[in-house]
Amino acid sequence: MAYTSVRAAVLLPTAGNTLHDSILSCVRAVASGAGFVRITSAKDEMMEYVTLGKTGLRVSVAGLGCGGNSRLGLGRGKTKAEAIALVRQALDMGLNLLDTAAAYGTEALIGKAIKTVLRDRVVITTKALINHGSTPIPPGRVVESLERSLRQLDTDYIDVFQLHVVPPAMYDHAFQIIAPVLLREKEKGKFRALGITETSPNDHEQRMLQRAVHDGVWEVVMLGFNMMHHNARTQIFPHTMAYNIGTLLMFVVRNVFSQPGRLTAKMQELAAAGQVPQWLADTDNPLGFLIHEGGASSVTDAAYRFVRHEPGVHVTLFGTSEPEHLQANIASLLKPPLPEADRQQLAALFGHLLGVGLELPDAATA
Ligand SMILES: NC(=O)c1ccc[n+]([C@@H]2O[C@H](COP(=O)([O-])OP(=O)(O)OC[C@H]3O[C@@H](n4cnc5c(N)ncnc54)[C@H](OP(=O)(O)O)[C@@H]3O)[C@@H](O)[C@H]2O)c1
């Protein structure tokens, strides 16, 4: 069977080439005798895609986090129009996974931002809380949250619906009470895959996920992993790979790797506790050994490249309010792994640490 590749610029009416142009290219190719037509685009060529575990969803290796401190810029004084423009810039760069939550206040903006793309070109992951402190939220209220998210996002379905910041003490409630009810909503077509997210700042050992990965019901998990918190390498990824569970990473770069003063202070605290060598506390640039020709170009570049190539990692989320940071982070995620010697040094210096870089957000729920 003949196979023809048609390079349509983008399936985006706003991006120069119209949807009409792209469809016309396909029609012409079929009319000229092609059996199959594969549409490629400029943006597909500058992004890498992976399959998100058993969900089968094809997702970009970079995912835009719409919560955290930045909240698409809303947390940094940017306007809603600027936030929408940031989402569209990400989509134009081939990023196709947007992570939000009922608690972030960004669902409605995402709903507006994605109006210029076909719905199946974007993967939306959102979340509902299942507890307030030690009080469990009943399943009916979680279903209401799902319905509200669908309305806010102005969409017929959510790709991955996740239980948000589930502490170990709430896991039985999540698995035994909430999941069965949500699976019935999934059968109705309201969402495609069920996921669960940890509360990284309160569960450094990832005890909740250490149980969840074995229970068969969660198709996607969201977890913390970074240059100074390697716990998932031994405790989580071997299991997500064995069960083919999709992974979304968070806390790759929060405060310690984006604010030099915070990194220096953290090194001093760790050295005083005997957890890292003193030389890391005696310099203004403790991770400077990673920045060299053939290595990383900055600490954030190192942070994203460190996690991106870890076996078991599918999507690396980052939040930002800055178009320049969006570009830089995608560029980092598409670069090769850090040199082997640098990775070995990171493992030797920090492989034993737990919970570094998992700061709570400055405000609101992350
Ligand atoms: N349990 C959960 O469900 C949970 C918890 C946490 C996070 N998340 C998800 O994960 C997403 C990402 O969260 P996160 O914890 O990884 O980080 P985050 O809260 O988004 O923080 C990233 C920080 O790094 C800065 N930054 C980003 N790129 C940078 C660059 N190139 N150079 C310098 N600074 C840079 C950002 O500031 P600028 O605005 O200045 O770029 C921001 O302050 C969230 O938006 C959310 O979707 C989920």
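See the structure shown above.
Within each chain, residues carry numbers counting from 1 in the order of the written sequence. At least 70 in pLDDT is required for a residue's local features to be given in this predicted model, at least 80 for side-chain atom pairs to be given and counted, and no such filter applies to totals for whole chains, interfaces and linings, which use all residues. To get the side-chain values, all heavy atoms of the structure are used, and hydrogens and water are removed first.

Trainee: What should I look at first to understand unusual backbone geometry in this one?
Mentor: Keep in mind that most residues, glycine aside, have a negative phi and that most peptide bonds are trans. Of note in this structure, Val-165 is not a glycine but carries a positive phi near 45 degrees. The helix count covers DSSP runs of H or I at least four residues long, the strand count covers runs of E at least two residues long, and both are numbered beginning at the N terminus. Locating Val-165 in the fold gives a position in strand 10 (residues 158-166). Burial here depends on accessible area, computed with a 1.4 Å probe over protein chains only, as a share of the maximum for the residue type. Under 20% is buried, over 50% is exposed, and the range in between is partly exposed. Assessed through its relative accessible area of 24%, Val-165 is described here as partly exposed. Not every positive phi belongs to a glycine, and Phe-251 is a case in point at roughly 60 degrees. Relative to the helices and strands, Phe-251 resides in the loop between strand 13 (246-250) and helix 10 (260-272). Using a relative accessible area of 9% as the deciding quantity, one classes Phe-251 as buried.

Trainee: Would you explain the site of the ligand in this entry?
Mentor: Around the ligand, a shell composed of 31 residues is seen, among which Arg-76, Asp-99, Thr-320, Ser-321 and His-325 lie nearest. Within 3.5 Å is the distance limit for a polar contact, defined as a pair of N or O atoms, with the added protein rule that one can donate a hydrogen and the other accept it, and that residues adjacent in sequence qualify only through two side-chain atoms. Within the backbone of Gly-67, a nitrogen or oxygen atom sits 2.9 Å from an oxygen atom of the ligand. A distance of 2.7 Å is found between an oxygen atom of the ligand and a side-chain nitrogen or oxygen belonging to His-325. Method for areas: the Shrake-Rupley scheme with a 1.4 Å probe, in which residue coverage is limited to the protein chains shown. Here the ligand, which alone exposes 900 Å², has 93% of that area covered by the protein. In terms of residue class, the shell around the ligand is made up of 11 nonpolar, 14 polar and six charged. Proximity is defined per residue: any heavy atom of the residue falling within 4 Å of a molecule or strand makes that residue near it. Amino acid classes used here: Ala, Val, Leu, Ile, Met, Phe, Trp, Tyr, Cys and Pro are nonpolar; Asp, Glu, Lys and Arg are charged; the rest, including Gly, are polar.

Trainee: Can you help me understand the side chain of Ser-149 in this one?
Mentor: By the element assignment, Ser-149 lies in helix 5 (residues 139-153). Its relative accessible area of 1% is what places Ser-149 among the buried residues. A polar contact of 2.7 Å, which involves the side chain of Ser-149, links it to the side chain of Glu-107.

Trainee: Help me out: how do you make sense of the packing of helix 3 (residues 80-92) against helix 12 (residues 323-333) in this one?
Mentor: Relative placement of two packed helices is described by the angle separating their axes and the distance separating the axes. Between helix 3 and helix 12, whose axes approach to 10 Å, the crossing angle comes to 25 degrees. Classified by the angle their axes make, helix 3 and helix 12 are roughly parallel. Like other packed secondary-structure pairs, helix 3 and helix 12 cross with a definite hand, here right-handed. Seen from helix 3, the contacting residues are Leu-86, Gln-89 and Ala-90; seen from helix 12, they are Pro-323, Leu-326 and Gln-327. Of the residues assigned to the contact of helix 3 with helix 12, the class counts are four nonpolar, two polar and no charged. Note on method: axes are straight lines fitted to C-alpha atoms, helices fitted across the in-contact stretch only, with angles between N-to-C directions ranging 0 to 180 degrees. Roughly parallel means an angle under 35 degrees; roughly antiparallel means over 145; roughly perpendicular covers 65 to 115; every other angle is labelled oblique. For any helix crossing, the convention is left-handed if the near helix is rotated counterclockwise from the far helix by under a right angle, and right-handed if that rotation is clockwise. The criterion used for residue contact is that any of the two residues' heavy atoms lie within 4.5 Å.

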